[in-house]
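Chain by chain, the residues:
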Amino acid sequence: MARWCYRHRLVVLLLWVGALFGLGFAATTAGTDYANVFSLPNTDSKRAYDQMEKAFPESAGDTDTVVWKVEEGTVGDASVRSRIQPALDEIAGMKGVGAVAGPYEGERGAAQISRNGRIAYAQITFTEQANAVPKELVQDVLDTARDAGRDGLQVELGGQAIQRVQEPPTGLAEMVGILAAAVVLFLAFGSFYAMLLPIGIAVFGVGTGLFSTQLLSHSTDIPDLSPLLATLIGLGVGIDYALFIVTRHRRGILRGMEPEESAITALNTSGRAVLFAGGTVCIALAGMLVTNLRFLDGVVIGTSLTVVFSVLAATTLLPALLGMLGVRVLSRRQRRRLAERGPEPERTSGAAARWSSTVQRRPKAIAAVALAVMAILAIPVLSLRLGATDQGNDDATTTTRKAYDLLAEGFGPGFNGPLQVVVTGGDTDALVKGIDGTPGVARVAALPPAHGVTVVQVVPTTSPQSQRTDELIDTLRDRVIPDAGATAHVGGVTAVSKDFATITGDRLPYFVATIIGLGFLLLLVAFRSLVVPLTAALMNLIAAAASFGVLTAVFQWGWGLELLGLGKEGPINAFLPVIMLSLLFGLSMDYQVFLVSRMHEEWVHTKDNARAVRVGLAETSRVINSAALIMVCVFLAFVLSGDSGAAMAGVGLAAAVALDAFILRTALVPAAMHLLGDSNWWLPAGLEKRLPHLAVEPAEAPPAEEPAPVEGGATVVHGLVRDAEGVPVDGAVLTLLSKGGRQLDRVTSLADGSYIVSVPAPGTYLLSATARSYGARARHVVVTDQPLVHDVELTAGEVDADAVN
């Protein structure tokens, strides 16, 4: 498939461009139909909602609030009314505004004035829900109301529709994330064209995924948060997947391969790993379905679809683009050096090799430090409290936050989140009296009944996000309503949020067990080991605890919120743990696959665990860290989205990816694998026979000139190249020759001096080693059916006789 895409690159590009613009045109024509469906079966708030829906089937549009406060006098003064009332009348006459209920309208309006007479509010009811109200209308309402203010008269507005117009421009977070990723890619590649490739793949993957999700919103319930989360994860994985493939392709060209063959090899190796990694992300996302929360179903659809398109773009569009660029994926300096000096194997960076050797020498100390860091970061998770954010968590400079604070000041903290007790039977008066005498209740009022249903509005003394408000809900349900002998249910936004948090917390263990179990099975099949998937599962739990600790410290404790411009602290959104764990599991599996697959490849060849871990870490840590840095940049950019849920997800995922890549995969995982030794790769013989074979990396074909294998099969010679003082020799060229002088394998030593050459069959061979500033050296080696360890010592200026012969 990669070869066909490479050779028919123009056709592939036109198909992708046509798909992107075709889906975009269709989605733009159809519009959006996102719906936030909080279906909480068998909850008290759901029963209250069902009863209200029967009694009041025609619900009005979105209701927003205008709040004003005077510094001197009262809101009833003529000077105040003469400015506010004309503004309210003008708003009421706007097309799309259904009604305006102000405080100057008789006895009912008097309840909309605070006791001290300095704060009042009016309710604006639109004819549509918040997402459907035109932004131009909302902006007109906002401007008209704010223009009524003056010195000594503060006017603010709150509500869902108002919140939409104060959000940053659409696409700001995405653009900032892409620009940050571009900088990292350019520093990593040194080539403008190579930098554009991963970004282009991400744009095509995210674009087709979002347009498809928008079209699906007309046939299924997809929440409006889904596109934002899909963009967040799509940009991250799209750039990363292309990065892995382009890195492999550039390495192949530097080693002297033709661009086409290099691209084919890159897709047939790293492309397979990308396909596997993308599948694990989708499986992790699908794990959200076990929570049976309908709100998350649409999130699964949107994010999974975007990941699928990102993988398709990386495995079909990318080889076509590689064909168009040819050797221009290399920097000018690399192309010039390749032309002047010829092929040159890419060497593992010195820093990566040195760190890998350090981990091998001190695994206990490094594992202890890494565990200590993760444990300290995880401490705040012990105080994690799930709930829902509201406009009280907005930035202090926004009009919605100011309106929220004014209402709390004038009418009490609980006014922003009243409870609705829906009564369908029993003595309503007794219930109202019992509620009024309950500690924690500021005000209670029964509305006129309709169709046998009475709604009792209860204003708590505490804010909607307070723990005491949750306790009041439990008190009403468990004691007050039964004592009054009434049939009633407690509903309202605050009660729904509490029930949602409770259900999420109860189902979270099943969800965690599901995704951890699926990850264990996938790694078990891929790496033929019991210990590797167990280690990965444990690392995922550690990463989750530490990242949620960071999230709790920032958003619940308020550490750094002002610095990030994210408003006021509060509980963690109830849906966030499920979404974050899904994405964290999928992304950490990506890094685990790329890291351990290289280790596994080395283990299969050498059966030397220490070498396998050292070489695997040295060769993959740089690209893993680069990929993680890109994801951190993309995720943190979503702090600018203006959506508190997306900001939470962005900060949480950025922390999770950073901790996972820079501490777990770079330090704790390799240290633990050094300590576990050969048991890393243990698998019971009975299980080995029953497991299906799934190759993340393809089997390499033997060179054409190799002698036919004999009994005992192929093996390897490996070891270290050092000078007379024991210093590792980086870049030494080692060549394995047959008795007849045919070259069987040729490799270059790594920064730590390690090398490995493949031997087709047991026998006697000549192994030569050459390096700049050193004399050539050669030795005959006798290889059996087991890996042979053979260290080479090079001396400056001396030439071995065997090398001359």
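All figures in this text were calculated on a predicted structure; none of them were measured in a lab.

Rules behind the numbers
Residues numbered from 1 in each chain as written. Predicted model: local features only at pLDDT ≥ 70, side-chain atom pairs only at ≥ 80, totals over all residues. Heavy atoms only, no water. Pairing = 2+ DSSP bridges. Helix = DSSP H or I, 4+ residues; strand = E, 2+ residues; numbered from the N terminus. Axes fitted to C-alpha atoms, helices over the stretch in contact; angles between N-to-C directions. Contact = heavy atoms within 4.5 Å. Patch = residues over 30% accessible without salt bridge, like charges linked within 9 Å, V, L, I, M, F, W, Y side chains within 5 Å. Areas by Shrake-Rupley, 256 points an atom, 1.4 Å probe, with all protein chains shown as cover. Salt bridge = Lys/Arg side-chain N within 4 Å of Asp/Glu carboxyl O. Lys, Arg positive; Asp, Glu negative; His and termini not counted. Charge placed at Lys NZ, Arg CZ, Asp CG, Glu CD. Buried < 20%, exposed > 50% of the residue type's maximum accessible area, 1.4 Å probe, protein only. Parallel < 35°, antiparallel > 145°, perpendicular 65-115°, else oblique. Left-handed = near helix turned anticlockwise from the far one by under 90°. Nonpolar A, V, L, I, M, F, W, Y, C, P; charged D, E, K, R; others polar.

**Student:** Pulling in residues and values, what's your account of the sheet that holds strand 8 (residues 454-460)?
**Tutor:** Pairing within the open sheet is antiparallel, and its four strands lie in the order 7-8-6-9. If you trace the sheet from one side to the other, it starts and ends with strand 7 (441-446) and strand 9 (487-491), each paired once. Strand-to-strand twist across the sheet, computed as the mean angle between neighbouring axes with direction ignored, equals 20 degrees. Of the pairings in the sheet, the one linking strand 7 to strand 8 comprises five bridges and is antiparallel in character. Bridging across to strand 8, Arg 443 finds its partner in Val 459. Along the sheet face, helix 3 (residues 44-55) touches strand 6 (419-425), strand 8 and strand 9 and points at about 105 degrees away from the line of strand 9.

**Student:** For a negative patch on the surface, give the residues involved together with the corresponding values.
**Tutor:** There is a patch of like negative charges on the surface, built from Glu 90, Glu 136, Asp 140, Asp 143 and Asp 147. Per element, the largest residue contribution to the negative patch is four residues, and it comes from helix 6 (residues 135-147). By relative accessible area, Asp 143 is classed as partly exposed at 34%.

**Student:** Before we move on, can you summarise the packing of helix 22 (residues 576-606) against helix 24 (residues 644-676) with the specific residues and values?
**Tutor:** A pair of packed helices is characterised by two quantities: the angle between their axes and the separation of those axes. One can describe the packing of helix 22 onto helix 24 by two numbers: an axis separation of 10 Å at closest approach and a directional angle of 30 degrees. Considered as vectors, helix 22 and helix 24 are oriented roughly parallel to each other. The interaxial crossing formed by helix 22 with helix 24 has right-handed handedness. The residue makeup of the contact of helix 22 with helix 24, split by class, is 17 nonpolar, four polar and two charged.

**Student:** Residue-level account of the pairing of strand 15 (residues 763-770), with values.
**Tutor:** Summarising the sheet, strand 12 (residues 733-737) and strand 15 pair through five bridges and their orientation is antiparallel. Residue pairing across strands places Leu 736 opposite Leu 767, the latter belonging to strand 15. Here seven bridges tie strand 15 to strand 16 (residues 777-783), and the two strands are oriented antiparallel to one another. By the bridge assignment for strand 16, Tyr 765 is matched with Val 781. The antiparallel pairing of strand 15 with strand 16 creates a hairpin that spans six residues between the two strands, and Ser 773 there sits at a positive phi of about 70 degrees.

**Student:** Give a description of helix 13 (residues 332-341) that names residues and reports values.
**Tutor:** Each α-helix winds once per 3.6 residues, and so residues spaced three or four apart point in a common direction. Of all the ten residues making up helix 13, one are buried; the element is thus mostly uncovered. Taken from the residues just after helix 13, Gly 342 is the one with a positive phi, measuring 85 degrees.

**Student:** If you had to explain unusual backbone geometry to someone new, which residues and values would you point to?
**Tutor:** You will see that His 451, though not glycine, has its phi angle at about 55 degrees, which is positive. Given the relative accessible area of 69%, His 451 is considered exposed.

**Student:** Describe the packing of helix 20 (residues 531-556) against helix 24, with residues and values.
**Tutor:** Axis separation between helix 20 and helix 24 bottoms out at 8 Å; the angle between their running directions is 145 degrees. Crossing angle aside, the handedness with which helix 20 passes helix 24 is right-handed. Split into classes, the residues belonging to the contact of helix 20 with helix 24 amount to 21 nonpolar, four polar and two charged.

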